[in-house]
Amino acid sequence: MISRYRVVIAGLGDSGVLTAIRLAKHFDVVGISAKPALVSGQELGWRLSRPEEWARANWIPFDRFRALDRVRTVHGTLTGVDLDARTVTVRGDDGSSIHEHFDALVISTGVTNGFWRTPDFQSHNEIGEDLRHAHTRLTDAESVIVVGGGAAAISSAAQIATTWPDKRVDLYFPGERALPSHHPRIWETVRRRLGDAGVGLHPGHRAVIPEGFDCDEITGGPVDWSTGQPPSSADAVVWAIGRVRPNTDWLPAELLDERGFVTVTPQLQVPGHPNVFAVGDVAATDPLRSSARNRGDGILAYNVKAAFAGKPLRAYRAPKRRWGSVLGVQPNGLEVFTPKGQAFRFPAWSFDRVLMPVIVRRGIYRGVRDNRPINLTP
Ligand SMILES: Cc1cc2nc3c(=O)[nH]c(=O)nc-3n(C[C@H](O)[C@H](O)[C@H](O)COP(=O)(O)OP(=O)(O)OC[C@H]3O[C@@H](n4cnc5c(N)ncnc54)[C@H](O)[C@@H]3O)c2cc1C
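Bear in mind that the values here come from a model prediction, so they are computed numbers and not experimental data. (Residues numbered from 1 in each chain as written. Predicted model: local features only at pLDDT ≥ 70, side-chain atom pairs only at ≥ 80, totals over all residues. Heavy atoms only, no water.)

(A) Spotlight on the pairing of strand β9 (residues 104-107). Neither face of β9 is open: one carries A104 and V106, the other L105 and I107, and all of them are buried. Here strand β1 (residues 6-10) pairs with β9 via four bridges, running parallel. Note on β9: the bridge partner recorded for I9 is V106. Bridge count between β9 and strand β18 (residues 273-278): three bridges; the pairing is parallel. Among the inter-strand pairings, L105 is bridged to a residue of β18, identified as V276. (Buried < 20%, exposed > 50% of the residue type's maximum accessible area, 1.4 Å probe, protein only. Helix = DSSP H or I, 4+ residues; strand = E, 2+ residues; numbered from the N terminus. Pairing = 2+ DSSP bridges.)

(B) Structural context of a nonpolar patch on the surface. Residues W349, V354, V358 and I359 make up a contiguous nonpolar surface patch of roughly 340 Å² in combined accessible area. Of note, V358 is situated in helix α8 (residues 348-364). Among the residues examined, V358 registers a relative accessible area of 37% and is labelled partly exposed. (Patch = residues over 30% accessible without salt bridge, like charges linked within 9 Å, V, L, I, M, F, W, Y side chains within 5 Å. Areas by Shrake-Rupley, 256 points an atom, 1.4 Å probe, with all protein chains shown as cover. Salt bridge = Lys/Arg side-chain N within 4 Å of Asp/Glu carboxyl O.)

(C) A look at the sheet that holds strand β7 (residues 87-91). Strand order in this open sheet of three strands is β6-β7-β8, and the pairing throughout is antiparallel. Strand pairing shows two members of the sheet lacking a second neighbour, β6 (77-82) and β8 (97-101), which therefore form its edges. Mean inter-strand twist for the sheet, computed between neighbouring axes without regard to direction, equals 25°. (Axes fitted to C-alpha atoms, helices over the stretch in contact; angles between N-to-C directions.)

(D) Representation of the pattern of salt bridges within the structure. Counted according to the given criterion, the structure contains 13 salt bridges. We note a salt bridge from D281 to R117, for which the minimum N-O separation is 3.0 Å. Of this pair, D281 sits in the loop between β18 and β19 (283-284) while R117 is found in the loop between β10 (111-112) and α4 (124-139), placing the two residues 164 residues apart along the sequence. For R117, a relative accessible area of 21% gives the class partly exposed. Several salt bridges converge on common partners, so that one network encompasses R6, D28, R72 and E100.

(E) Expanded view of a negative patch on the surface. On the surface, D93, D94, D120, E126 and D130 cluster together into a negatively charged patch. Among the structural elements, D94 can be located in the loop between β7 and β8. The exposed category is assigned to D94, whose relative accessible area is 64%. (Lys, Arg positive; Asp, Glu negative; His and termini not counted. Charge placed at Lys NZ, Arg CZ, Asp CG, Glu CD.)

(F) Structural context of helix α5 (residues 151-163). Its 13 residues place the ends of α5 18 Å apart at the C-alpha level, agreeing with the 18 Å of an ideal helix rising 1.5 Å per residue. Those residues of α5 not exposed but buried are A153, I154, S155, S156, A157, A158, Q159, I160 and A161. As for α5, its buried residues are in contact with α2 (44-49), α4, β11 (143-147), β12 (168-172), α6 (184-196) and β20 (324-330). (Expected span 1.5 Å × (residues − 1). Contact = heavy atoms within 4.5 Å.)

(G) Examining the side chain of E43 more closely. Position of E43 among the secondary structure elements: in the loop between β3 (37-39) and α2. Within the buried set, E43 has no salt-bridge partner at all; the shortest N-O distance to an opposite charge, 8.0 Å, is to R50. Only 3.3 Å separates the side chain of E43 from the side chain of S325, close enough to count as a polar contact. Setting aside residues up to four positions removed in sequence, E43 forms contacts with W54, S325, G328, V329 and L334. (Polar contact = N/O pair within 3.5 Å; in protein donor to acceptor, adjacent residues only side chain to side chain.)

(H) Main features of empty space enclosed by the protein. One pass over the full model with this rule turns up two cavities of 30 Å³ or more. Estimates place the volume of the second largest cavity at around 30 Å³. As for the second largest cavity, its lining consists of N113, G114, W116, D214, C215, W239, A240, I241, G242 and R243. Here the lining of the second largest cavity is built from residues that sort into five nonpolar, three polar and two charged. (1 Å grid on protein atoms, 1.4 Å probe; cavity = no way out; pocket = protein on both sides within 12 Å on 5 of 7 lines; lining within 4 Å. Points joined across faces, edges and corners; volume = space filled by probe spheres on them. Nonpolar A, V, L, I, M, F, W, Y, C, P; charged D, E, K, R; others polar.)

Here it is in structure tokens:
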């Protein structure tokens, strides 16, 4: 039964879509997004090396989600919020602005990271063009440097090396080991896998970021190191150094912490604004801002319902370490690591027959229709 309350979800990425799915049965839900689809920020390596396969799992037009049928989606860029009047302002493709009223607002506009996660207004064609461009850049390169020590950098190095075994692939990272926010055991396993794939490992290298460069494109020039080593060169350099910027330009400073992320209580509410919530990478829940991968959407949806019903809210509890997939989908399946460093593998056969159709599309997304492949050929 849909109540008369209207919930506006600002940003329909990984967390926003899941939150909208959970709330659609209970409220009048409006989802606002700069993209006309869920374009996940996950699995950079898979996206770069096999974009058509990646797109089938990670680029899903909103009208394919059965559970979003009741949600009104607005394709536009959020430019402001009036907390007293309870409206957000949205700029459309033609430059005109509209106001959307809310009783509760969920902020899930995520972060900008490199060239693969942006708040830019894009059409389907432009999203496809981005995917194609990055893939072609790597296809044409004989040697590739990946700079960074987190999951995005590691999955890129691993996937490029296994997709194109003839390319020289080198991974440079600043510490003695990569994956500093994961359990140390995970790096031991991942290091072996990278070695098996032929990736050259270069610890102790901290890159100099050229003045004015936002790490938002694949470059071709040499990379200088502030740690004293001579410069390194390759035909293509992928910058995945975790330089994230919150997509909060549209919000007043009173809602943000000193780094521009949305301040939240453990209940994912914005202090002083009980009808405003935040979830996902934009929400300052914990040092790793981990509520997206730990299904903060579930707590958030519960709390929105509880807040309207005048019931007690639940708290989000973050694990201390990162977990999940690191290398991404490989020919022998998908390896996932727990916060304690244990690894388990979905074998390749189960990925297309069980994991994607049953666990992800039916279980997590509650039905995705017409899963036809997306053609990325120009
Ligand atoms: C089920 C699940 C499993 C995960 N598993 C892993 C894992 O195994 N390993 C791992 O490392 N991570 C994992 N993650 C986490 C993932 O890497 C990120 O944390 C997640 O993609 C962040 O989601 P988000 O909704 O906060 O941001 P995003 O998905 O980036 O969504 C933000 C959206 O808001 C839009 N937007 C931004 N600004 C505006 C604006 N002004 N106006 C309109 N729209 C705007 C953006 O274009 C984008 O569409 C997982 C996440 C989920 C949900």
